[in-house]
Every structure is written in structure tokens, then in C-alpha cells.
Amino acid sequence: MHDVVIIGGGPAGLTAGIYAARGGLKTLLCEGKILGGQIVLSYEVENYPGFPQGISGMELIENFTKQVEKFGVEMSYEGVVKIDDDRECKSVHLTNGTCIKTKTIIIASGASSNKLGCPGEKKFTGKGVSYCATCDGAFFRNKTVAVIGGGDSAIEEALYLTNLAKKVYIIHRRNQLRAIKILQDRAEKNSKIEFIFNHIVKEVQGDKLVNGLMLKNTQTGELTRLPIDGVFVYIGVTPNTMFVKDLIKLDEEGYILTDEKMETNVEGIFAAGDIRSTPLRQVITAASDGAIAASSAQKYIESKF
Ligand code: NAP
């Protein structure tokens with residue numbers, strides 16, 4: 001029987017691992033995709049304290065992972081399909097059919113990129129449609145690309161792409177960006193960026209590779225074709241709660257409700273990071289949640305077992 005099983009290997013899960021294992025708990029961390037979560041897609045993190053020059057998402061996660069390994073967290077690279085609660089013994093069912101018994105669970109499964117859902121998106125994924133500028137930006141050196149979305153991710157990644165592409169369109173469905181002011185100002189000053197407001201993507205077009213977008217004006221309904229070589233989609237995220245939604249209370253947007261100790265509605269099950277109903281989703285808040293969740297799990301175990 002494990003003391004704690006952590007589901008998810010982003011900043012929240014990794015920090016929970018560091019705190020739990022350092023606190024002497026027998027800890028297993030399950031990550032079904034790649035360690036690091038969404039932040040590994042970020043070219044530069046410039047608001048995580050302690051790195052005044054900025055640090056890439058990948059490098060930051062490598063540092064988190066070294067600390068996790070140092071404290072002896074056991075790792076599993078299987079996804080989680082279901083969790084069961086039998087009061088003092090909980091079960092975590094993995095994709096390979098294994099069932100792990102544990103005293104507590106910390107859910108830190110984060111969120112995944114939303115899709116446009118328009119014709120051509122799926123067909124051209126990896127052939128000009130991307131959800132990660134850091135991973136795929138180099139394929140578009142001196143080419144023309146579009147970034148879809150008006151939030152922090154869209155603007156940050158569009159700015160990154162200006163280092164590679166010759167032209168970057170930012171296509172946003174409204175006429176006002178959602179991103180914080182400092183990013184808006186930088187994008188407005190960047191001569192490689194051109195904004196196309198009040199437009200949505202109706203179709204991603206191409207032959208073997210993407211060669212254009214069919215855009216629709218949200219005000220007039222008019223359709224126009226925009227020739228581009230690549231499109232980067234940053235239209236928000238959806239919480240990864242498929243495996244808990246019958247057991248754990250969620251808010252109206254599908255994020256897990258917790259109290260300030262990261263306790264969910266089920267005793268001994270905690271949640272941390274972007275999966276949680278929270279006013280701010282950043283690496284620093286995810287890490288903080290992870291630390292609190294591990295500490296709460298430890299106190300729960302001390303009181304119950
Ligand atoms: P977000 O803040 O939810 O923004 C999503 C953007 O996509 C919005 O502009 C939204 O338009 C647009 N959108 C949503 N659905 C769309 C659709 N179907 N078609 C076209 N456009 C659509 O998501 P995010 O930028 O990925 O950020 C997620 C969280 O991470 C946020 O809390 C953000 O602050 C945080 N983050 C922080 C940093 C940083 O601090 N450095 C960097 C990246 C992300 P509307 O504006 O019209 O809703």
C-alpha cells in the first residue's frame with residue numbers, strides 16, 4: 001500500500017512528489033503522457049521567481065524532476081483510467097490494467113489544449129497545424145504563420161515565433177485581447193505581428209501541408225482566405241477530469257473544487273494545480289498547491305492510520 005499516489009507530472013504533481021517523499025511518505029507519481037505538463041511547451045518562463053533571466057519551460061521541469069528523483073519518488077508512465085474510494089484504502093486503476101492501493105491520492109492531472117474543431121485541423125496536425133510553438137516553430141523559419149487566440153499563451157507564443165517566422169498573424173475572435181497588458185504592448189510594437197480581429201477559423205486548408213486558412217468575419221459573416229504555411233492554436237484549455245468526474249465535485253467549468261488545504265469532497269483525496277477551481281493558473285500557484293496538498297495528505301495519514 002502506498003501512502004500517496006500523485007496523478008500528473010506537471011509543476012503541481014512534481015512539487016507534491018518532492019514534499020511527500022521528503023516528508024517520508026511512500027510516494028508514486030503517475031504520468032501517462034510526458035513529464036512537465038503544459039509548461040514544457042513554453043519557450044520562456046519569465047515570471048517564476050528565482051530566474052531573473054527567464055528559463056525555458058523544459059529546463060525548469062528538468063530541475064523539478066531532478067529534485068523529485070533526489071527524494072526517491074517512484075514513477076509510473078501509465079495513464080490513470082479510474083479511481084475508487086473505499087474510505088481508508090483507495091484504488092488507482094492504470095491503463096495497463098494494474099490497480100494501485102493507496103491511503104491518499106493527489107490529483108494534479110492539469111489541463112489539455114483546446115482544439116478548433118474545424119475541417120482540416122485534424123488532417124493537418126503535424127503537417128502545419130501545431131499546439132506548441134517551442135516544439136515546431138523551427139519548421140517555419142522565414143515562413144508565414146498564424147496564431148489563433150487572444151490569451152497570454154497566444155500572445156507569448158506569437159512573440160516567440162517572430163524570432164523564426166517572417167510574418168506572424170494573430171487571429172482573435174473579438175476586437176480586444178485577453179492577454180495581460182505587458183504582452184499586448186510587446187505584440188503591438190513588434191513589426192512582424194499583424195492582428196486580425198473579429199475573425200474565426202472556418203477551415204484549415206492545404207495539399208500535403210497547410211497552405212491557408214478560411215476565415216470568417218464574426219461581424220459581417222464574410223469569408224476570406226489567408227495564405228499561411230503554419231497555424232498555432234492557443235484557444236485555452238480543458239481540465240483533465242474524465243477519470244474522476246463521478247466521484248469528485250467539480251465547478252461549472254469542470255475544474256475540481258477544493259478548500260484551502262487542497263481537500264476535495266472525498267476524504268483523503270486532494271487536488272492541486274491547473275485542475276483545481278482557482279483564480280490564477282501559473283507554475284508558481286501549481287507548485288504552491290502541490291506543496292499544500294502533500295502536507296495535507298501527510299497530516300491526514302497521521303490522523304487516520
Ligand atoms: P485563455 O486565457 O483561456 O485564452 C484563450 C483565448 O482563446 C481567448 O482569447 C479566447 O477568446 C480564445 N478562444 C477560446 N475558444 C476559442 C475558439 N473556439 N475559437 C477562437 N478563439 C477561442 O487560455 P491561455 O492563453 O491558454 O491561458 C490559460 C491560462 O494560463 C490563463 O490563466 C493564463 O493567464 C495562463 N498563462 C499565463 C502565462 C504567463 O503568465 N506567462 C502564459 C500562458 C498562459 P476570448 O478572449 O474571446 O474568450
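Computed from a predicted model, the values in this text were never measured in an experiment.

Q: Go over the nonpolar core, please, and point to the residues and values.
A: Grouped together as the largest cluster of nonpolar side chains are 34 residues, with contacts concentrated most on Leu 14, Tyr 48, Phe 64, Ile 106 and Phe 270. When contributions to this core are tallied by element, the ones reaching two or more residues are β1 (2-7), α1 (11-22), α2 (57-70) and α6 (283-304). For this core, the leading source of residues is α6, giving eight residues. Ranked by size, the runner-up nonpolar core spans 21 residues in total, among them Phe 140, Val 147, Ala 179 and Ile 193.

Q: Can you break down the sheet that holds strand β13 (residues 210-217) residue by residue, with the values?
A: Across the sheet, three strands lie side by side as β12-β13-β14; this open sheet has antiparallel pairing. The open sheet has two edge strands, β12 (199-206) and β14 (223-227), and neither has a second partner. Sheet twist, expressed as the mean angle between neighbouring strand axes with direction ignored, is 25°.

Q: Can you break down the packing of helix α4 (residues 152-161) against helix α5 (residues 181-189) residue by residue, with the values?
A: Between α4 and α5, whose axes approach to 10 Å, the crossing angle comes to 40°. Note that α4 runs across α5; the crossing there is left-handed. Contact residues: α4 offers Asp 152, Ile 155, Glu 156 and Leu 159, while α5 offers Leu 183, Gln 184, Arg 186 and Ala 187.

Q: Go over the sheet that holds strand β9 (residues 144-148), please, and point to the residues and values.
A: The strand order β8-β15-β9-β10-β11 describes an open sheet built from five strands, whose pairing is parallel. Strands with a single pairing partner mark the edges of an open sheet, and in this sheet they are β8 (129-130) and β11 (193-196). Two elements, β9 and strand β15 (residues 230-233), share four bridges in a ladder whose sense is parallel. Across the sheet, Ile 148 pairs through a bridge with Val 233, a residue of β15.

Q: Talk me through unusual backbone geometry; I want residue IDs and the actual numbers.
A: Look at Asn 142: it is not a glycine, yet its phi comes out positive at around 60°. Mapped onto the secondary structure, Asn 142 falls in the loop between α3 (133-136) and β9. The exposure class assigned to Asn 142 is exposed, which follows from its relative accessible area of 55%.

Q: Let's hear about the side chain of Asn 198: which residues, and what values?
A: By secondary structure assignment, the location of Asn 198 is in the loop between β11 and β12. Overall, Asn 198 belongs to the buried group, its relative accessible area being 16%. A polar side-chain atom of Asn 198 sits 3.3 Å from the main-chain amide nitrogen of Asn 175. If sequence neighbours within four positions are ignored, Asn 198 has contacts with His 172, Arg 173, Arg 174, Asn 175, Lys 216, Asn 217, Thr 218 and Gln 219.

Q: An account of α5 is requested, with residue identities and associated values reported.
A: Within an α-helix, residues lying three or four positions from one another point in the same direction, as the helix has 3.6 residues per turn. Taken together, the buried positions of α5 are Leu 183, Gln 184 and Ala 187. In an axial view of α5, the angular spread of the buried residues amounts to 100°, which keeps them on one side of the axis. Opposite its buried face, α5 presents the exposed residues Lys 181 and Lys 189, each directed more than 90 degrees away. In this fold, the buried residues of α5 make contact with α4 and β11.

Q: Go over the layout of surface pockets with me, naming the residues and quoting the values.
A: Once rolled over the atoms, a probe with the size of a water molecule shows which space is left empty. If you add up the space inside the second largest pocket, you get close to 220 Å³. The wall of the second largest pocket is formed by Gly 126, Lys 127, Gly 128, Val 129, Ser 130, Asp 136, Phe 139, Phe 140, Lys 143, Leu 209, Val 210 and Asp 229. Residue classes in the lining of the second largest pocket are distributed as five nonpolar, three polar and four charged.

Q: Describe in detail the domain arrangement of the protein chain, supporting the description with residues and values.
A: What the domain assignment reports for the protein chain is domain 1 (2-112 + 237-304) and domain 2 (115-233). Taking only C-alpha atoms into account, the centre of domain 1 sits 32 Å from that of domain 2. On the side of domain 2, nine residues touch domain 1, which itself brings five residues to the contact. Summed over both partners, the interface of domain 1 with domain 2 comes to about 560 Å²; 48% of that surface belongs to carbon and sulfur atoms. The largest contributions to the domain 1 side of the interface with domain 2 come from Leu 41, Tyr 43 and Glu 46, which together make up 78% of the buried area. Salt-bridge contacts for Glu 46 lead to Arg 186; the nearest nitrogen and oxygen are separated by 3.0 Å. At the junction of domain 1 and domain 2, the tally comes to three residue pairs in polar contact (both at pLDDT 80 or more).

Q: Which residues make up the side chain of Asp 274, and what values do they have?
A: By the element assignment, Asp 274 lies in the loop between β17 (269-271) and α6. The side chain of Asp 274 is buried and forms no salt bridge, while Arg 281, the nearest opposite charge, is found at 4.7 Å. In this structure the side chain of Asp 274 is engaged in a polar contact, spanning 3.0 Å, whose partner is the side chain of Gln 38. If near-sequence neighbours (up to four positions away) are discounted, Asp 274 is found in contact with Gln 38, Gly 110, Tyr 255, Arg 281 and Gln 282.

How each quantity is defined
- Residues numbered from 1 in each chain as written.
- Predicted model: local features only at pLDDT ≥ 70, side-chain atom pairs only at ≥ 80, totals over all residues.
- Heavy atoms only, no water.
- Core = buried A, V, L, I, M, F, W, Y, C linked by side-chain atoms within 4.5 Å.
- Buried < 20%, exposed > 50% of the residue type's maximum accessible area, 1.4 Å probe, protein only.
- Helix = DSSP H or I, 4+ residues; strand = E, 2+ residues; numbered from the N terminus.
- Pairing = 2+ DSSP bridges.
- Axes fitted to C-alpha atoms, helices over the stretch in contact; angles between N-to-C directions.
- Left-handed = near helix turned anticlockwise from the far one by under 90°.
- Contact = heavy atoms within 4.5 Å.
- Polar contact = N/O pair within 3.5 Å; in protein donor to acceptor, adjacent residues only side chain to side chain.
- Arc of directions from axis to C-beta.
- 1 Å grid on protein atoms, 1.4 Å probe; cavity = no way out; pocket = protein on both sides within 12 Å on 5 of 7 lines; lining within 4 Å.
- Points joined across faces, edges and corners; volume = space filled by probe spheres on them.
- Nonpolar A, V, L, I, M, F, W, Y, C, P; charged D, E, K, R; others polar.
- Domains from an automatic or database assignment.
- Buried area = accessible area lost by both parts, 1.4 Å probe.
- Salt bridge = Lys/Arg side-chain N within 4 Å of Asp/Glu carboxyl O.
- Lys, Arg positive; Asp, Glu negative; His and termini not counted.

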